[in-house]
Structure formats: C-alpha cells, structure tokens
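Here is how the chains run, residue by residue.
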Amino acid sequence: MTAPSRRCDNSTRAQTSLPALGIALVLLTVVTGLGVAMADTAIAGADRAPDERRVAAAIADQLVAGDGPLAARSNVLNQSRVDDFDQSALEENAPPASEYAVSVKLADEEIARSGTVQGGTRISRLIVVEAREPRTLTPDLATTDAVTLPRRSAQATVTIDPPAGTTVWTVRANDRIVLHNRSGLDGSYEVSLVPYETTELRFQRAGRLESGNVTVEYDAPRSTKETLVVTVDA
C-alpha cells in the first residue's frame, strides 16, 4: 500500500508545478522583451546623439560667427538682431532647423524654435550681447575746443549752431578731418567714427562758442555676458 501512495504524491506535485513553470516562462518572456526594448532604445539614442551634437554645434557656430545673423562681430551679438530673430530667420540661416526640432535660448529665454523639442542634445556658447543707447552731449566749448566719445561708437550726428560773429570751419575726429567748410559749418552733419578707438572731436573755429552751440548725438554701447544654448532633438 505504501508504493501507490508515493506515486500519487509525485503526480500531484508534478501537476502543481506546471502552473508555476508557466508563470516563470511568462515572466522570463516579459523580462527578456523589456531588456531587448531597453537595449534597442539605448542603441537608437546612442546613434542619434552624435548627429544631434553635430547639428547643434554647427548651428551654434553659425549664430555666433562674425558674419552670422545675430552678430555685431565674432562672439558678440547685436541686441536689435536678437530681438528680431524668430523661427523663419532660424530656418533661413540654419537650414538643418527645417529638418530637426531646434530651440535657441539666450540667457535662459527662448528666442527662436522650430518643431517640438522634448529632449535632445544641448550646445552652449559664451557670448557678449551688445546693445546701443542713444546719448546726447552738449559740450561747453567756451573753455575747450574738443569733446571725447567712447570706443565702439561708429557714427555721430554733430549739430553746429554758432552765434553771430563765430565761424566753425573744421571738425576733426582724432587726426582725421571729418567736416570742413571754409565759409563756416552750420547745421547737422553725420560723421563716421572708428569704433575701435576713443574719438576726440575737435572744433576749429574763430570766435566764441557757448554751451548749446554744439551738440553731439551718438549710440553708446552697453555689453553683457550671456550664454547662448542651442538644443537639437532628432
């Protein structure tokens, strides 16, 4: 009687282990599938990252180049051009932006975007943003015959309104003669300056000039250091 009982127990245990084996196989299949999916995702990400980095670097370099759409000069951006920059300007000046999702940020503020950027690869460039503020000088030429303008001023408007009995016939910018009329200068004149040097405007005259007889209007530069970030999501 003992032997049949053992056969029955063995059969029962075998039947009981079948569902457990099935569950284990299902779990193994799920884990394997997840592992393959994660591996495929990692491979796809690894394949995409170099391409994103290449495109992002190319766009960033174009934007900060001396002949780029934003630049006043290499690595110096013109604030007015930054203010006017948008998606169409981005796609026009950086053709890959028509094929990829691209975001351009300056000082953490997005200034242009094409497509939807959800992740992607970021490239940063340290730059200077240069803005220009209009200023007016009214020098007291009763005690001097010159006025000094700061560097990076490329142009000035000089208005000369001499009193009766006074003639201003020449204006020099450092060593250059920028205005001359032997009969006398009277009115407003545009004067080109060398932006890489401090400019001294000197007035050659006969007679007395008071404060208000000469005004000089120019754009004074104001510079701030910022970070430009280009993100590309393929």
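Note that the structure is predicted; figures quoted are calculated from it, not measured.

## Some details on the sheet that holds strand 6 (residues 146–149)
In step 1: Reading across the sheet, the four strands line up as 6-11-8-9 and stay open at both edges, with antiparallel pairing between neighbours. Edge positions in the open sheet fall to strand 6 and strand 9 (176–180), since each of these has one partner strand only. If you compare each strand with its neighbour and ignore which way they point, the axes differ by 25° on average.
In step 2: Bridge count between strand 8 (residues 167–173) and strand 11 (residues 199–206): six bridges; the pairing is antiparallel. Bridged to valine 171 within strand 11 is phenylalanine 203.

## Focus on the environment of glutamate 99
In step 1: Relative to the helices and strands, glutamate 99 is located in the loop between helix 3 (87–93) and strand 3 (101–106).
In step 2: C-alpha of glutamate 99 to C-alpha of serine 114: the two residues are 15 residues apart in sequence and 8.9 Å apart in space.

## A word on the confidence of the model for the chain
If pLDDT is low for a region, its predicted coordinates should not be looked at in detail.
In step 1: In this model, the chain carries an average pLDDT of 84, and 79% of its residues clear a pLDDT of 70 or more.
In step 2: Contacts of residues 36–47 to residues separated by more than four positions or lying in other chains number zero contacts, the stretch itself having pLDDT below 50.

## Digging into the layout of surface pockets
In step 1: In this structure, the largest pocket encloses a volume near 260 Å³.
In step 2: Taken together, Ala72, Arg73, Asn78, Gln79, Ser80, Glu130, Ala131, Arg132, Arg151, Arg152, Pro195 and Tyr196 make up the lining of the largest pocket.
In step 3: Mapped by element, the contributors of at least two residues to the lining of the largest pocket are strand 1 (71–73), helix 2 (79–84) and strand 5 (121–137).
In step 4: Looking at the lining of the largest pocket, the element that brings in the most residues is strand 5, giving three residues.
In step 5: Partitioning the lining of the largest pocket into residue classes produces four nonpolar, three polar and five charged.

Parameters and conventions
Each chain has its residues counted from 1, following the order in which its sequence is written. Totals for whole chains, interfaces and linings use all residues, but because this is a predicted model, local features are given only for residues with pLDDT of at least 70 and pairs of side-chain atoms are given and counted only at 80 or more. Based on all heavy atoms of the structure, the side-chain values leave hydrogens and waters out of the count. The criterion for strand pairing is that DSSP finds at least two bridges linking the strands in question. Put simply, DSSP H or I for four residues or longer makes a helix, DSSP E for two residues or longer makes a strand, and each gets a number counted from the N terminus. Simply put, an axis is a line fit to the C-alpha atoms, just over the touching stretch for a helix, and the angle between two N-to-C directions goes from 0 to 180 degrees. Every residue is assigned a pLDDT by the predictor, reflecting its confidence on a scale from 0 to 100. Working rule for contacts: check all heavy atoms of both residues, and any pair within 4.5 Å makes them a contact. Only protein atoms enter the calculation, which uses a 1 Å grid: trapped sets of points that fit a 1.4 Å probe without letting it out are cavities, open sets showing protein on both sides within 12 Å along at least five of seven lines are pockets, and any residue with an atom within 4 Å of a point is a lining residue. Grid points are joined across faces, edges and corners, and a volume is the space filled by probe spheres set on the points. Each residue is assigned to one class: nonpolar for Ala, Val, Leu, Ile, Met, Phe, Trp, Tyr, Cys and Pro, charged for Asp, Glu, Lys and Arg, and polar for all the others, Gly among them.

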